[in-house]
Amino acid sequence: MSTPFFKATGPASPVFFGPKTAIPSPAGSAFLSLGSTAAALRTALKAVAGLAAVLAVSLIPHVAGAQAMLLPTADISVDGHAVNAEIAATEASRAHGLMNRKSLPPDHGMIFVFERTDMHCFWMKNTPLPLSIAFIDDDGTIANIADMQPFDETSHCPVRPVRYALEMAQGWFKSHSIEAPAKVSGLPKP
């Protein structure tokens, strides 16, 4: 025996019409109408979709600023040693730099490219990695190298105006016996 019914499911949801048919209830009550089964199914699907969204967001690393951007990379050579460097060539990517990074892969760094040669100074605000920085002239000559401590807001500046700066894990230059005036080749153009 069927009786017509309808169920409004919300202001933006459709209204379902259909015969009211008794079916066994998984919850233990004797019967459940198709209308309440559809509502239970919709609720379960919403819960699954919500869980999927939460899982998807939790699997994506949370990054901000320049790290939210996919920065291009360049394969450069520092005194004959290969380096894979992310290129920070915009105001935003240079301002963010390696902030909030907890590690760098081996032989990996960030090359800062400026529009003009100047006294470009750096600090370690919000940067938990100890880094070494090489200040580099237009022609690829290293002007000087400085070690920088995590979270230190002291300015580290070149000894003369430069166009580039290369940040690497602290000690990388020393472990490769690289000092000023070593040469860097393969630098990206400003």
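See above for the structure.
Residues numbered from 1 in each chain as written. Predicted model: local features only at pLDDT ≥ 70, side-chain atom pairs only at ≥ 80, totals over all residues. Heavy atoms only, no water.

Draft legend 1. Structural view of the state of the cysteines. Across all of its chains, the model carries one disulfide by this definition. Two residues share a disulfide in this structure: Cys-121 and Cys-157, whose sulfurs sit 1.9 Å from each other. In this structure the cystine formed by Cys-121 and Cys-157 twists about its S-S bond by roughly 115 degrees; its chirality is therefore right-handed. Taken as a pair, Cys-121 in the loop between strand E5 (108-118) and strand E6 (131-136) and Cys-157 in the loop between strand E7 (142-148) and strand E8 (162-169) lie far apart in primary sequence, 36 residues in all. (Disulfide = S-S within 2.5 Å. Helix = DSSP H or I, 4+ residues; strand = E, 2+ residues; numbered from the N terminus.)

Draft legend 2. Representation of the sheet that holds strand E9 (residues 184-185) in the model. The strand order across the open sheet built from seven strands is E7-E6-E8-E5-E4-E3-E9, with neighbouring strands paired in mixed fashion. Every other strand in the sheet has two partners, leaving E7 and E9 as the edge strands with one partner each. Looking at chain direction, strand E3 (residues 73-78) and strand E4 (residues 81-88) are connected through six bridges and run antiparallel. Bridging from a neighbouring strand, Ala-74 pairs with Ala-85 of E4. (Pairing = 2+ DSSP bridges.)

Draft legend 3. Highlighting the pattern of salt bridges. Following the criterion strictly, the structure yields six salt bridges and no others. Ionic pairing is found between Glu-115 and Arg-94, a salt bridge with its closest N-O pair at 3.3 Å. With Glu-115 in strand E5 and Arg-94 in helix H2 (residues 91-96), this residue pair connects regions lying 21 residues apart in the sequence. Accessibility expressed as a relative area gives 57% for Glu-115, which makes it exposed. The salt bridge partner of Arg-160 is Asp-137, with a shortest N-O separation of 2.8 Å. With a gap of 23 residues between them, Arg-160 in the loop between E7 and E8 and Asp-137 in the loop between E6 and E7 connect regions that are remote in the sequence. (Salt bridge = Lys/Arg side-chain N within 4 Å of Asp/Glu carboxyl O. Buried < 20%, exposed > 50% of the residue type's maximum accessible area, 1.4 Å probe, protein only.)

Draft legend 4. Inspection of the packing of aromatic side chains at higher detail. With the rule as written, the count across this model stands at four aromatic pairs. Between Phe-114 and Phe-122 the ring centres are 6.2 Å apart and the planes differ by 80 degrees, which places this aromatic pair in the edge-to-face class. When the ring of Trp-172 is compared with that of Phe-173, the centres are 5.2 Å apart and the planes differ by 90 degrees; the resulting orientation is edge-to-face. A connected cluster of aromatic rings, assembled from ring pairs, spans Phe-112, Phe-114, Phe-122 and Phe-135. (Phe/Tyr/Trp six-rings, centres within 6.5 Å; stacked < 30°, edge-to-face > 60°.)

Draft legend 5. Seen up close, the side chain of Thr-127. Relative to the helices and strands, Thr-127 resides in the loop between E5 and E6. Here Thr-127 falls in the buried class, since its relative accessible area comes to 4%. Among residues more than four places away in sequence, those in contact with Thr-127 are Leu-98, Met-99, Asn-100, Pro-150 and Phe-151. (Contact = heavy atoms within 4.5 Å.)

Draft legend 6. Region of interest: unusual backbone geometry. In this structure, the amide linkage connecting Ala-180 to the following residue, Pro-181, adopts the cis form with an omega of 5 degrees. Among the secondary structure elements, Pro-181 is positioned in the loop between helix H3 (172-175) and E9. Look at Asp-79: it is not a glycine, yet its phi comes out positive at around 50 degrees. Note on placement: Asp-79 falls in the loop between E3 and E4.

Function-wise, these values are silent; they only describe arrangement.
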